[in-house]
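These are the residues of each chain, in order.
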Amino acid sequence: MLEIDGITAGYGPATVLRALSLRAAPGQITCLMGRNGAGKTTTMKAIMGLLPVTAGTITLDGAPLSGLPAHEVPRRGVGYIPQGRRLFGELTVAQNLTVGLMTRKSGPDTREEVLELFPRLRERLAQRADTLSGGEQQMLATARALCLRPRLLLLDEPTEGLQPSMIEAIRQVILRMRDSGAIVLLVEQRIDAVLAMADHVHVIENGRNLEDLDAAALAADPSRLRAHLGV
Amino acid sequence: MDFGPYLMLAMLEGAVMAAVLALTASGLSLVFGVMRVVNVAHGEFYMLGAVVAWFVAQHVGGGPAIGFVAALILAPLLVGGLAALADMTILKRIDYDPERTIVATIGLLYVIQQVALMTYGPNAQPVEPPFNQRIALPWLEWGDGGLAIYFPWGLSTTSYKLFVIIAAVAVILAVWLLMSRSKAGLIMRATQLDGEMATAFGIPVERVYAAVFGIGAGLAALAGVLIVPIQQAHYLMGGDALLLSFIVVIIGGLGSLPGTIVAAVLIGMSDGIISVFFSPTLAKIIATLLVALVLVFRPQGLFGARAR
Ligand SMILES: Nc1ncnc2c1ncn2[C@@H]1O[C@H](COP(=O)(O)OP(=O)(O)OP(=O)(O)O)[C@@H](O)[C@H]1O
Ligand SMILES: [Mg+2]
């Protein structure tokens, strides 16, 4: 269980998240929604310890994440697929995967499993990451995060700018992670995709909680979500 | 002596210079490449290497060879450790901000220089080379019976100078292998490319920075140790080393190791040759002019990547 309890965080003097709380359970897909600039990416960075959390706590399975040195957070099993992929562009596909494998000293079996999921990456192991197509880059960003066998998987708009078949491939990975009992926290803008997958939705606005909806509430009244997002 | 042998002699001197310069500059280039900061105190680490070599040679008994080997190991370790400490206590505090790092390392430069003056003193002091056989070099000449080999008077080098060249090549090769083949190199390159993402994958970026700063200073110190048996140690010797390293790193392309090596050979060799045939001042003038030309026509340097 990921529990975020009343956190305040921001960039230097600019506070972005204000008393934000959210929970994400194992074996479920929890979606984080909100308009552009609402603070979704900022929430992800706060979980990763990349921003100072000045109030509140973040815990994973009861153990505090907030307060840890940032590089310790992924070692507790948090895999991060950032918005815009953020690959190590000058490194090869294989080297990007190695960085992911080193995080928690995963073995070659993990590497095999991940490459099993993305056979296209296997054909391109020696290729520089910044020469991959957009879809392949997203595969690599996902594969890199899976390399640390995450207990908690953070995905920040993983389908941004992808064609349908690629979106489906990413969706399959997300479902697989859910079924294996991982905690999945997903930032997603496409309402239909959210309605189809989410077990729980947190809507935020201006860095504050706006509404929490579970799957039943979503199914009963999808228009609520649309109203919050202004579509 | 004819022109040919004379040129060969100048080129040998230039090669020694290039070797030492390549070592010093690759340290500066490594630090800039990974940390994106300019270390103005880099030349002082070179000077410290030479001065520590003198101290070690004074205090370790058992002949010049043992003293020199001890210096070769101790000086880079001591100086690298000192630099890592400076990184953790100073550069980390100012968040590796590029401008403030320049000012901070200028301060470091003066502190190191003054401490060296107060402890080591104002005199230049020699360190005895571990070995120093004169090696006469052959030259070819058309004689009555066709091509003949002879040994012109004055055309010689020493075994120590050859050793400096070989040692520099070996160390640079090791650095290149470390960066391109090892896990440590992968960690450094990931940190260089995207520090935030490196952190998000468990890389302790601040420790990587301290290590890189230490390795960079260690390389300069190693160059300092290698040069003392030829040039003597002096507390102001860091100035020229810094200037030439900057020239090399700018011409080669900031942060590019191959570029640094090529530029060091170019500058070292031309410095050697021009100094022998004309004057050392002219050599510096030409090198500086070359920097100006590179900055105008190819600001990213010969091997540097364009700003992304
Ligand atoms: N590095 C930064 N420095 C200062 N402010 C920032 C920084 N990054 C983001 N912000 C601000 O924080 C707020 C939240 O940004 P964030 O990236 O979290 O939004 P988001 O919900 O992910 O939006 P989007 O849907 O566009 O990705 C915005 O107002 C943004 O301008
Ligand atoms: Mg975002």
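About the criteria used
Residues numbered from 1 in each chain as written. Chains lettered and ligands numbered in written order. Predicted model: local features only at pLDDT ≥ 70, side-chain atom pairs only at ≥ 80, totals over all residues. Heavy atoms only, no water. Pairing = 2+ DSSP bridges. Helix = DSSP H or I, 4+ residues; strand = E, 2+ residues; numbered from the N terminus. Contact = heavy atoms within 4.5 Å. Axes fitted to C-alpha atoms, helices over the stretch in contact; angles between N-to-C directions. Buried < 20%, exposed > 50% of the residue type's maximum accessible area, 1.4 Å probe, protein only. Lys, Arg positive; Asp, Glu negative; His and termini not counted. Salt bridge = Lys/Arg side-chain N within 4 Å of Asp/Glu carboxyl O. pLDDT = per-residue confidence, 0-100. Domains from an automatic or database assignment. Buried area = accessible area lost by both parts, 1.4 Å probe. Polar contact = N/O pair within 3.5 Å; in protein donor to acceptor, adjacent residues only side chain to side chain. Nonpolar A, V, L, I, M, F, W, Y, C, P; charged D, E, K, R; others polar. Near = heavy atom within 4 Å.

**Q** Looking at this structure, how should I read the sheet that holds strand β4 (residues 53-60) of chain A?
**A** Think of a sheet as strands paired side by side through backbone hydrogen bonds, with each pair either parallel or antiparallel. Residues and elements named next belong to chain A. Read from one edge of the open sheet, four strands run β2-β1-β4-β5, paired in antiparallel fashion. Edge positions in the sheet fall to β2 (14-24) and β5 (63-64), since each has one partner strand and no second. Where strand β1 (residues 2-11) lies against β4, six bridges are found, and the strand directions are antiparallel. Paired with Ala 9 across the two strands is Val 53, which belongs to β4. Packing of helix α1 (residues 40-47) onto the sheet brings it into contact with β1, β2 and β4, and relative to β1 it is tilted by some 110 degrees.

**Q** Can you help me understand the side chain of Glu 157 of chain A in this one?
**A** Within the secondary structure layout, Glu 157 of chain A lies in the loop between β7 (152-156) and α7 (164-179). For the buried Glu 157 of chain A, no salt bridge exists, and the shortest N-O distance to an oppositely charged side chain is 4.5 Å, to Lys 40 of chain A.

**Q** Would you take a moment to explain the pairing of strand β3 (residues 146-150) of chain B for this structure?
**A** Within a regular strand, side chains alternate between the sheet's two faces. All names here are of chain B. One ladder, built from five bridges, connects strand β2 (residues 139-143) with β3; its direction is antiparallel. By the bridge assignment, Trp 142 is partnered in β3 with Leu 147. Counting the residues in the hairpin turn of β2 and β3 gives two residues.

**Q** Hey, could you run me through the confidence of the model for chain B in this one?
**A** Should pLDDT be low for a region, the predicted coordinates there are not to be read in detail. Looking at chain B as a whole, its pLDDT mean stands at 91, while 98% of the residues score no less than 70. For chain B, β2 of chain B is the element with the lowest average pLDDT, namely 77, and helix α7 (residues 195-200) of chain B is the one with the highest, namely 97.

**Q** Whenever I open this one, the domain arrangement of chain A confuses me. Can you help?
**A** Where interface size is given, it is often the accessible area lost as the parts come together that is meant. All names here are of chain A. Each assigned domain of chain A is listed with its residue range as follows: domain 1 (2-77 + 150-229) and domain 2 (86-148). Contacts between domain 1 and domain 2 engage 13 residues on the former and 14 residues on the latter. Where domain 1 abuts domain 2, roughly 1,100 Å² becomes buried across the two surfaces, and 76% of that area is made up of carbon and sulfur atoms. Counting the surface domain 1 buries against domain 2, the share from its top three residues, Pro 150, Met 166 and Val 173, is 37%. Where domain 1 packs against domain 2, one counts zero salt bridges. Run the count over domain 1 and domain 2 and you get one residue pair in polar contact (both at pLDDT 80 or more). Those elements giving two or more residues to the side of domain 1 that touches domain 2 turn out to be α2 (72-75) and α7. Sorting elements by how many residues they give to the side of domain 1 that touches domain 2 places α7 first, with five residues. For the side of domain 1 that touches domain 2, the per-class residue count stands at nine nonpolar, one polar and three charged.

**Q** Sorry if this is basic, but what is going on with the site of ligand 1 here?
**A** Residue and element names in this part refer to chain A. If you check the shell around ligand 1, you find 13 residues, and the closest are Asn 36, Gly 37, Lys 40, Thr 41 and Thr 42. In the environment of ligand 1, an oxygen atom lies 2.9 Å from a nitrogen or oxygen atom belonging to the side chain of Asn 36. Within the side chain of Lys 40, a nitrogen or oxygen atom sits 2.7 Å from an oxygen atom of ligand 1. Examining the composition of the shell around ligand 1, we find that three residues originate from one element, α1, more than from any other. Its residues assigned to classes, the shell around ligand 1 shows three nonpolar, seven polar and three charged.

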